[in-house]
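# Working through the structure, step by step
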Amino acid sequence: MAGSITTNNLSATFGEVRAIEGISIEIIANKVTALIGPSGCGKSTFLRCLNRMHELVPGAGTTGEVIWDGRNIYAPDVDATDVRRGIGMVFQKPNPFPLMSIADNVSAGLRLAGSKRNKSAMEEAVERSLRLAALWDEVKNKLHKPGGSLSGGQQQRLCIARALAVEPDVILMDEPCSALDPASTQKIEDTMDKLKDNYTIVIVTHNMQQAGRVSDFTGFLLTQESGEPGRLIEYGPTSKIFTMPDHKETENYITGRFG
Amino acid sequence: MNNGFNRRRRNAISGLAYLLCVLATIIALIPLMLILFYVISQGAPALNLDFLTQLPKPVGETGGGMGNAIVGSLMLIGIAAVVGLPLGVLAGTYLAEFRSPRLSWTVRLLADILSGVPSIIIGVFVYTLLVLTMKHFSALAGGVALAILMLPTVARTTEEMLRMVPDTLREASLALGIPRWRTIVSIIIKTAGGGIITGIMLALARIAGETAPLLFTALSSRTWPTGLDKPVASLPVQIYTYAISPYEDWHQQAWAGSLVLVIMVLLLSVGSKLYFGRKMRSVR
Ligand SMILES: Nc1ncnc2c1ncn2[C@@H]1O[C@H](COP(=O)(O)OP(=O)(O)O)[C@@H](O)[C@H]1O
Ligand SMILES: [Mg+2]
């Protein structure tokens, strides 16, 4: 299935620093998978390996496989830009393009990644993406205003709409609500719920309640000793991870004993 | 009581420091004010339509103007822009976006050295490179000399402006599957555009008044510009020639030429400030 991602023994480094090691996981299509774990355990690094963003850091390296759409995205003949079009990303801090209007922000991927479309198709894509991101009603009368003029929560939904516009199969979200107030967080969680039908979502979150609310599957990452790389301790249906995890560390983390 | 004394003492010291700052600023501004005042008072009387549109008259005849030098200066700046801007912007982009440590370090060092090379040496260099090989002085040689002069400024400003664009925007763009070159051209350079244009205008203002490199390259001319491969008049060289001449009305014209040059430079630098200010407001 196009939306599933399987990693085999995935490890990532920053120069000499081993950030994650030996992670094998099968992310199920059209489900929400949450990644939890204490700060610095490699959640962001792992996520960025899934769409080849990790390699943008100078000196960064990966080993192992990431199988998506039937092939290893790290195979030599695979183009990173194709991977990133199919596996979109939403960042921790909203990062709309400051000089572009709201509409241009949403259509940026379509306009700049090669696929030329006519004006009306572009407008349709903008409206469809903004509706999906539950932002349409708030911005439909000011599409030409700069993206930076929106509130933080709206900017984050604009970034979600921007990622959706290029029609990816998978959306990676790295703590998308950590900079937002509860009301905006709620809106984004609602959006994720809606998106689930057509997209695979992987979300990194620090917030246990959020992981419990939005995800179908949960993976717990942990650095067992300082200086060691982060590893996947446990992975399974969220209901199981949250009620009867197999590992003591998982239980401790979820019940808030550390992290 | 002791505290009160200390506070008064502190206030006195900070008041004094403030006064010194104001004084230093005024002293620094005095030369600028004097120059402007002097150039305007001496140049304005000789400035008229004829001066802006007419060719110079032979010695002994009154009237005439520096029309050819004004056009020539614009032509030289134009050549410098066409040659220097693409190179400078590309070099700056390379420095900022393709961070290969060793080569970037070398290029940056070379740019810094180049910006410290006296402009007359650049004139001599272009003289050897273009004038001797083409066998005559030319507008092209003058423009190239000015282009070399502005190259380091344009490259370093471009680099600095591109570096000010946060990495989060690069990542946002790349994560959409937008190719690297497209990200640089359509997102990064566009975002930094206001700053780059400001830098370019300041660099143009800076070369507009250069005299030394033109003496060996564009030389001068008493006719309208006739082609890229011919010598051409320019305001700075014309001012220089007239100012050291023994004729009173040429001195007058040199002042008027200076005023025109100062106005051109002010328009460029003030224009760039206004432009940058507007651009920055729209980013926020
Ligand atoms: N750019 C970087 N350079 C070097 N080390 C890094 C860099 N980014 C992250 N790391 C290291 O990699 C490890 C994992 O970091 P990260 O993936 O950001 O963790 P998390 O998202 O779970 O908080 C940490 O030990 C961190 O110090
Ligand atoms: Mg993180």
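Because the structure is a prediction, the values reported are computed rather than measured. (Residues numbered from 1 in each chain as written. Chains lettered and ligands numbered in written order. Predicted model: local features only at pLDDT ≥ 70, side-chain atom pairs only at ≥ 80, totals over all residues. Heavy atoms only, no water.)

## Description of the pattern of salt bridges
Counted under the stated rule, the structure contains 24 salt bridges over all chains. Where Glu 189 of chain A meets Arg 213 of chain A, a salt bridge forms, and the shortest distance between an N and an O atom there is 2.7 Å. Of the two residues, Glu 189 of chain A is situated in helix H7 (residues 182-195) and Arg 213 of chain A in helix H8 (residues 208-214); the sequence distance between them amounts to 24 residues. With relative accessibility at 5%, the residue Glu 189 of chain A sits in the buried group. Here Arg 108 of chain B ties to Glu 159 of chain B by a salt bridge, and the two come within 3.0 Å at their closest N and O atoms. Here Arg 108 of chain B, found in helix H4 (residues 101-116), pairs with Glu 159 of chain B, found in helix H6 (residues 139-164); they are 51 residues apart in sequence, far enough to count as distant. Note on Arg 108 of chain B: relative accessible area 22%, which makes it partly exposed. (Salt bridge = Lys/Arg side-chain N within 4 Å of Asp/Glu carboxyl O. Helix = DSSP H or I, 4+ residues; strand = E, 2+ residues; numbered from the N terminus. Buried < 20%, exposed > 50% of the residue type's maximum accessible area, 1.4 Å probe, protein only.)

## Comments concerning the confidence of the model for chain B
Any residue range with low pLDDT should be treated as having predicted coordinates unsuitable for detailed reading. Per-residue confidence for chain B gives a mean pLDDT of 91, with 97% of residues at or over 70. Two summary scores accompany this predicted model of the complex, namely pTM at 0.85 and ipTM at 0.94. (pLDDT = per-residue confidence, 0-100.)

## Concerning the interface of chain B and chain A
With 18 residues of chain B at the contact, the number on the chain A side is 25 residues. Buried area between chain B and chain A, both sides added, is near 1,800 Å², and the carbon and sulfur share of it is 72%. Three residues stand out in chain B for area buried against chain A, namely Glu 171, Ala 175 and Leu 176 of chain B, and they jointly supply 33% of the buried area on that side. For the interface between chain B and chain A, the tally reads one salt bridge. Measuring nitrogen to oxygen at the nearest pair gives 2.6 Å for the salt bridge that ties Glu 171 of chain B to Arg 48 of chain A. For the pair chain B and chain A, the number of links is two residue pairs in polar contact (both at pLDDT 80 or more). Only helix H7 (167-175), helix H8 (180-208) and helix H11 (248-283) of chain B provide two or more residues apiece to the side of chain B that touches chain A. Per-element tally for the side of chain B that touches chain A: the top contributor is H7 of chain B, with seven residues. Taken together, the residues of the side of chain B that touches chain A sort by class into nine nonpolar, six polar and three charged. (Contact = heavy atoms within 4.5 Å. Buried area = accessible area lost by both parts, 1.4 Å probe. Polar contact = N/O pair within 3.5 Å; in protein donor to acceptor, adjacent residues only side chain to side chain. Nonpolar A, V, L, I, M, F, W, Y, C, P; charged D, E, K, R; others polar.)

## What to know about the packing of aromatic side chains
As enumerated under the stated definition, the model contains eight aromatic pairs over all chains in all. Ring geometry for Tyr 247 of chain B and Trp 250 of chain B: centres 5.2 Å apart, planes at 75 degrees, overall edge-to-face. Judged by its relative accessible area of 11%, Trp 250 of chain B falls in the buried class. Grouped by ring-pair contacts, the aromatic residues Tyr 127, Phe 137 and Phe 216 of chain B constitute a single cluster. Between the NZ or CZ atom of Arg 162 of chain A and the centre of the ring of Phe 97 of chain A, over which it lies, the distance is 4.5 Å. (Phe/Tyr/Trp six-rings, centres within 6.5 Å; stacked < 30°, edge-to-face > 60°. Lys NZ or Arg CZ within 6 Å of the ring centre and 35° of its normal.)

## Remarks on the nonpolar core
Soluble globular proteins tend to bury their nonpolar side chains together. With 65 residues, the main nonpolar core has Phe 97 of chain A together with Val 126, Met 150, Leu 204 and Leu 235 of chain B as its most contacted residues. Of all the secondary structure elements, the ones that give two or more residues to this core are helix H3 (102-112) of chain A together with helix H3 (67-97), helix H5 (119-134), H6, H7, H8, helix H10 (235-243) and H11 of chain B. Ranked by the residues each element gives to this core, the list is headed by H6 of chain B, at twelve residues. What Phe 97 of chain A contacts, discounting residues up to four positions off in sequence, is Asn 105, Ala 108 and Arg 162 of chain A together with Leu 169, Ala 172, Ser 173, Leu 176 and Ile 187 of chain B. Counting residues in hydrophobic clusters, the runner-up holds 40 residues, among them Ile 102, Ala 133, Leu 135 and Met 173 of chain A. (Core = buried A, V, L, I, M, F, W, Y, C linked by side-chain atoms within 4.5 Å.)

## Brief notes about helix H6 (residues 152-165) of chain A
For an α-helix, the turn length of 3.6 residues means that residues three or four places apart are oriented alike. Spanning 14 residues, H6 of chain A covers 20 Å between terminal C-alpha atoms, matching the ideal 20 Å at 1.5 Å per step. Within H6 of chain A, 13 of the 14 residues are buried, leaving the element largely enclosed by the surrounding structure. (Expected span 1.5 Å × (residues − 1).)

## As for the site of ligand 1
All names here are of chain A. All residues adjacent to ligand 1 are Phe 14, Ala 19, Ser 39, Gly 40, Cys 41, Gly 42, Lys 43, Ser 44, Thr 45 and Val 57. Gly 40 has a polar backbone atom sitting 2.7 Å from an oxygen atom of ligand 1. In the environment of ligand 1, an oxygen atom lies 2.8 Å from a nitrogen or oxygen atom belonging to the backbone of Lys 43. Of the residues forming the shell around ligand 1, the biggest block, three residues, is contributed by helix H1 (residues 43-50). Grouping the amino acids of the shell around ligand 1 by side-chain chemistry returns four nonpolar, five polar and one charged. (Near = heavy atom within 4 Å.)

## Examining the packing of H6 of chain B against H8 of chain B
Pairs of packed helices are described in terms of their axes, by the angle between the two and the distance that separates them. Residues and elements named next belong to chain B. H8 packs onto H6 with a crossing angle of 150 degrees between their chain directions and a minimal axis gap of 9 Å. One way to sum up the angle between H6 and H8 is to call them roughly antiparallel. Read as a crossing pair, H6 and H8 show a hand that is right-handed. For the pair H6 and H8, the contacting residues are Leu 146, Leu 149, Met 150, Thr 153, Val 154, Thr 157, Thr 158, Met 161 and Leu 162 in the first and Ile 188, Ile 189, Ala 192, Gly 195, Ile 196, Gly 199, Ile 200, Ala 203, Leu 204 and Ile 207 in the second. (Axes fitted to C-alpha atoms, helices over the stretch in contact; angles between N-to-C directions. Parallel < 35°, antiparallel > 145°, perpendicular 65-115°, else oblique. Left-handed = near helix turned anticlockwise from the far one by under 90°.)

## Some details on the sheet that holds strand E9 (residues 217-222) of chain A
Residue and element names in this part refer to chain A. Read from one edge to the other, the open sheet built from six strands follows the order E6-E7-E8-E3-E9-E10, with strand pairing classed as mixed. Each edge of the sheet is formed by a strand with only one pairing partner; in this case those strands are strand E6 (87-90) and strand E10 (231-237). Neighbour-to-neighbour, the strand axes of the sheet open up by a mean angle of 15 degrees, direction not taken into account. Judged from the four bridges that link them, E6 and strand E7 (residues 170-174) form a sheet pairing that is parallel. (Pairing = 2+ DSSP bridges.)

## Overview of unusual backbone geometry
Positive phi is not limited to glycine here, since Asn 30 of chain A has a value of about 55 degrees. Within the secondary structure, Asn 30 of chain A sits in the loop between strand E2 (17-27) and strand E3 (32-36). The phi torsion at Leu 219 of chain B lies on the positive side, around 55 degrees, for a residue other than glycine.

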